[in-house]
Amino acid sequence: MLHLQLDRQRSHHPYYLQIMEQIRGAILAGHVSRGFQLPPSRQLAIELGIARRTVVLAYEELCAQGYCESQVGKGTSVADVALLHVAPLEHRTTTGLPQWLVGKTPRSAVPEGEWQPTLNDKSISPQQSLICFTPSLAQTNLLPLKAMQKAFQTVMQTASIHLQGYEKNNGHPELLDAICHHVLSNRGITTSPNQILITNGSLHSSYLLAELFTPHGGGLSYGVPGYLPISRNFIKKGIQGIPCAVDTDGICLTEAAHLARFHYVMPEHHFPTGVTLSPERRGLLLQLASQQDALIIEDDYDSEFYFNRHPLPALKAAEYNERVIYLGTFSKTLFNGLRVGYIIAHPEIIQQLMDLRWQMDGGTSLILQLWLAELLKSGTIDHHLRRMRVHHRKKRDLIAQYLHRDFPHWQWQPPTGGLQFWIKLPPEQSALKVVQQCRALGVNVFSGHHYYSSECKQERDHLILGFGTVTEQQIHQAFSQLKNLP
């Protein structure tokens, strides 16, 4: 039986999402099972006092995410979602931790050597003389600067109170609370402040995890092509890297990867391909982590930017037994140089990471944390994201039009989210040569070889076009030149 209620005070949270989330929650909790018939959309709309179209949108979203299925003349019913959740809540273990991690503590020594996060290639940087389609960068010319300044002034008015003391912690309570209530709820994640660690971005998060887990050994599976700096942080520490191909359903684990102790994934928008991990593979991954006593590291770097549909819930939202460690960041939300991110994990893992972090650098700036908390609580970030989704969608559609018109032999799919196009070139073209030709025309595009391991053979046949930083005017200017490519 379904009992749905709308929170009519949450004006920023659309009714269709509230309906979708409540039905999805009932399915995952086992309150409704496969074949359960959802109320007709017209009937439910009358009961809730809303437009029928709102209910239809919620049902369509549930079908798109694999939780329900619709048949003409038969309505909408619950699908077979056995793979989307592995075991009932009552089957959780007392600690929720893998057996190999129970009771363990991290090494006390500060890591040797200097860690300097760098991009894969020095050429990947904006150049004033070129129109740059640089991937994985946020647009800054539309930032709400007045609201950001006001938030900073608010923080400074009470700075003498908030900034007293300097002690080991997992983050400032105000930012931890704001993340719980204003960020994670949009990803379907319910957590508490003691399960969050504030970091200096996703790369920093991965370095801390690699330092913590290296003594336990094992392998790390990761997708190729992919964002390699994070997996390399583990490999440099001695964890065995297990590259796995990425297809239209996301990462495809090899036989060796099934035995890995760690799985690094980007379920919503795998970078750079932009594909979404299918519901079936999500379920299999969670099941595998449970069976093999493994951990999943979920990198949710830009799920805020979606165009065709609302993003699927985070793996962390569907998981059980604390098998998923979630990495979040504000770099794409505001600007890359902000360098503030967070880890969500079992409280014992957070405690160990906090101890390790304190030895290394003492934590993230309190001023930055309080400023971000104020931006979240005031609704500034939420308003900015809604504005930027519309803006980025326009740029995506504009680039798609030009690609269709001028390069019909290039193979690509319009990204449903994220900030880049992943383009496969025909056999007779080399990506490195096309990059050189584009630069000669005043346009900076990038080869896909940055995202493959050195041993991979496919590195010359892909281009990546990032559209996070370019303006619509620059897109017009760039393609007026690119049409002259030989």
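Calculation rules
Residues numbered from 1 in each chain as written. Predicted model: local features only at pLDDT ≥ 70, side-chain atom pairs only at ≥ 80, totals over all residues. Heavy atoms only, no water. Helix = DSSP H or I, 4+ residues; strand = E, 2+ residues; numbered from the N terminus. Contact = heavy atoms within 4.5 Å. Areas by Shrake-Rupley, 256 points an atom, 1.4 Å probe, with all protein chains shown as cover. Buried < 20%, exposed > 50% of the residue type's maximum accessible area, 1.4 Å probe, protein only. Pairing = 2+ DSSP bridges. pLDDT = per-residue confidence, 0-100. Core = buried A, V, L, I, M, F, W, Y, C linked by side-chain atoms within 4.5 Å. Domains from an automatic or database assignment. Salt bridge = Lys/Arg side-chain N within 4 Å of Asp/Glu carboxyl O. Polar contact = N/O pair within 3.5 Å; in protein donor to acceptor, adjacent residues only side chain to side chain. Axes fitted to C-alpha atoms, helices over the stretch in contact; angles between N-to-C directions.

A.B. asks: Even after reading the chapter, I still don't get the overall build of the chain, so can you show me in this structure?
C.D. replies: Of regular secondary structure, the chain possesses 15 helices and 15 strands. Here the contacts in the chain between residues at least 6 apart in sequence split such that 74% fall between residues at least 24 apart. Just so you have it, the chain exposes about 22,100 Å², and 51% of that area is on carbon and sulfur atoms.

A.B. asks: Looking at this structure, I do not really get the pairing of strand S15 (residues 462-466). What am I missing?
C.D. replies: On a regular strand, each side chain points to the face opposite its neighbour's, so the side chains alternate between the two faces of the sheet. Within S15, five of the five residues are buried, which leaves the element mostly enclosed by the surrounding structure. Neither face of S15 is left uncovered, since the one carrying His462, Ile464 and Gly466 and the one carrying Leu463 and Leu465 both have all their residues buried. Bridge count between strand S12 (residues 420-424) and S15: five bridges; the pairing is antiparallel. Residue pairing across strands places phenylalanine 421 opposite leucine 465, the latter belonging to S15. Relative to S15, strand S14 (residues 446-447) runs antiparallel, the two being bridged by two bridges. Each residue of the ladder has a partner; that of serine 447, found in S15, is leucine 463.

A.B. asks: Is there a simple way to think about the confidence of the model for the chain in this case?
C.D. replies: Across the chain, the average pLDDT comes to 87, with 88% of residues at or above 70. Confidence, expressed as mean pLDDT per element, reaches its minimum in the chain at helix H5 (residues 159-162) with 71 and its maximum at strand S8 (residues 262-265) with 98. Predicted confidence is poor over residues 86-92, with pLDDT under 50, and the contacts of this stretch with residues over four places away or in other chains come to nine contacts. Per-residue pLDDT stays below 50 along residues 107-128; that stretch engages in 38 contacts with residues further than four places along the chain or on separate chains.

A.B. asks: For this particular structure, what's the right way to read unusual backbone geometry?
C.D. replies: With glycine set apart, most residues show a phi of negative sign, and most peptide bonds adopt trans. Omega for the peptide link from valine 224 to proline 225 comes to 5 degrees, which places this bond in the cis form. Positionally, proline 225 belongs in the loop between strand S5 (219-224) and helix H8 (228-236). The peptide bond linking phenylalanine 271 to proline 272 adopts the cis configuration, its omega dihedral lying at 10 degrees. Relative to the assigned elements, proline 272 resides in the loop between S8 and helix H9 (279-291). For aspartate 293, which is not glycine, the phi dihedral falls at a positive 60 degrees.

A.B. asks: Teacher, can you tell me more about the pairing of strand S4 (residues 196-199) here?
C.D. replies: Residues Ile196 and Ile198 of S4 are buried on one face, and the alternating residues Leu197 and Thr199, pointing to the opposite face, are buried as well. Relative to strand S11 (residues 341-344), S4 is paired through four bridges, and the arrangement is antiparallel. In the strand pairing of S11, leucine 197 is matched with isoleucine 343.

A.B. asks: What is the right way to read the nonpolar core from this model?
C.D. replies: As a rule of thumb, soluble globular proteins bury nonpolar side chains together. Membership of the largest hydrophobic core comes to 61 residues, with the highest contact counts inside it found for Phe133, Ile179, Tyr342, Trp410 and Phe479. Here this core gets eight residues from one element, more than from any other, and that element is helix H13 (residues 380-406). Lining this core are residues from two domains, each supplying at least three of them: domain 2 (131-140 + 382-482) and domain 3 (146-380). With near-sequence residues (within four places) excluded, phenylalanine 479 lies in contact with Phe133, Ile399, Tyr402, Leu403, Asp406, Phe407 and Leu465. Counting 38 residues, the second largest nonpolar core, distinct from the first, contains Leu203, Ile230, Leu327 and Ile349.

A.B. asks: What is the right way to look at the pattern of salt bridges in this model?
C.D. replies: Pairing of side chains with opposite charge becomes possible as their charged atoms draw close. As enumerated under the stated definition, the model contains 16 salt bridges in all. Between arginine 282 and glutamate 268 there is a salt bridge whose closest N-O contact spans 3.7 Å. Taken together, the residues arginine 282 in helix H9 and glutamate 268 in the loop between S8 and H9 connect sequence positions 14 residues apart. A relative accessible area of 4% means that glutamate 268 is categorised as buried.

A.B. asks: Please explain the environment of histidine 346 as it appears in this structure.
C.D. replies: Assignment of secondary structure puts histidine 346 in the loop between S11 and helix H11 (347-360). For histidine 346, a relative accessible area of 13% gives the class buried. Measuring from C-alpha to C-alpha, the distance between histidine 346 and threonine 191 comes to 9.8 Å, with 155 residues separating the pair along the chain. Polar contacts involving the side chain of histidine 346 include one to the main-chain amide nitrogen of glutamate 348, which spans 3.0 Å.

A.B. asks: Honestly, the sheet that holds S5 in this entry has me stumped. Any pointers?
C.D. replies: Across the sheet, eight strands lie side by side as S4-S11-S10-S9-S8-S5-S6-S7; this open sheet has mixed pairing. At either margin of the open sheet sits one strand with a lone partner, and together these are S4 and strand S7 (250-251). As paired strands, S5 and strand S6 (residues 240-247) are joined by six bridges and run parallel to one another. What sits directly across from tyrosine 222, in S6, is proline 243. On the sheet, H8 packs against S5, S6, S8 and strand S9 (295-299) and is oriented at approximately 160 degrees with respect to S5.

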